[in-house]
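Here are the chains, one letter per residue:
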Amino acid sequence: MKKENMKKENVINKDMTIKQLLDLDESLAEVLMGFGMFCVLCHIGEEESIEEAAMAHGIELDCLLEKLNEEYSAKRK
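The sections below set out a description of the structure shown in this document.

Thresholds, definitions, all that
Think of each chain on its own: its residues are numbered from 1, step by step along the sequence as written. Where local features are concerned, this predicted model is filtered to residues with pLDDT of at least 70; where side-chain atom pairs are given and counted, the filter is 80 or more; whole-chain, interface and lining totals use all residues. Computation of side-chain values covers all heavy atoms of the structure but excludes hydrogens and water. The secondary structure listing takes helices from DSSP runs of H or I that are at least 4 residues long and strands from runs of E that are at least 2 residues long, numbered from the N terminus. A helix is expected to reach a length of 1.5 Å times the quantity of its residues less one. Only protein chains enter the accessibility calculation, which uses a 1.4 Å probe; a residue whose area is less than 20% of its type maximum is buried, one above 50% is exposed, and one in between is partly exposed. Note that the arc is computed from the directions linking the helix axis to the C-beta atoms. By definition in these notes, contact holds between two residues if any of their heavy atoms fall within 4.5 Å. Throughout this description, a polar contact denotes any pair of N or O atoms lying within 3.5 Å of each other; where both atoms belong to protein, one of them has to be capable of donating a hydrogen while the other can accept it, and for residues adjacent in sequence the pair is counted only when both atoms sit in side chains. Any Lys or Arg side-chain nitrogen located within 4 Å of an Asp or Glu carboxyl oxygen qualifies as a salt bridge.

What follows covers helix α4 (residues 61-76). Given a rise of 1.5 Å per residue, 16 residues ought to cover 22 Å, and the 23 Å separating the end C-alpha atoms of α4 matches this to within 8%. Those residues of α4 that sit buried are Leu61, Leu64, Leu65, Leu68, Asn69 and Tyr72. Viewed end-on, α4 has its buried residues packed into an arc of 125°, placing them on one side of the element. Turned more than 90 degrees away from the buried face of α4 sit Asp62 and Ala74, all of them exposed. Looking at the buried positions of α4, the neighbouring elements they touch are α1 (18-24), α2 (29-34) and α3 (50-57). Between the side-chain oxygen of the N-cap and the backbone nitrogen of Asp62 there are 2.9 Å, and the N-cap of α4 in question is Glu60.

So this is what it looks like as structure tokens:
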């Protein structure tokens, strides 16, 4: 199968906690803060899922996940 025909698999998903996300890559905190999500600074936010945090902040989940995965993937190339 050609590389361009392979479906890109997202590493980051809605069920990950903020802590798991930051354990994966601390620099993704910048993406969260860019969306106005300062969960990275809150002890409660650590245990929230990305989905829960997005809902609490009125953030479009799919948009957030897309941006997080783009940033994560870009650093792995």
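The discussion continues.
Quick look at the pattern of salt bridges now. As enumerated under the stated definition, the model contains 4 salt bridges in all. Here Lys14 and Glu51 are joined by a salt bridge, their closest N and O atoms 4.0 Å apart. Of the two residues, Lys14 is situated in the segment before α1 and Glu51 in helix α3; the sequence distance between them amounts to 37 residues. Residue Glu51 is classed as partly exposed on the basis of its relative accessible area, which comes to 25%. Residue Lys67 pairs with Glu71 through a salt bridge whose shortest N-O separation is 3.2 Å. Of this pair, Lys67 and Glu71 both sit in helix α4, 4 residues apart, which is roughly one turn of that helix. The class of Lys67 is partly exposed, set by a relative accessible area of 33%.

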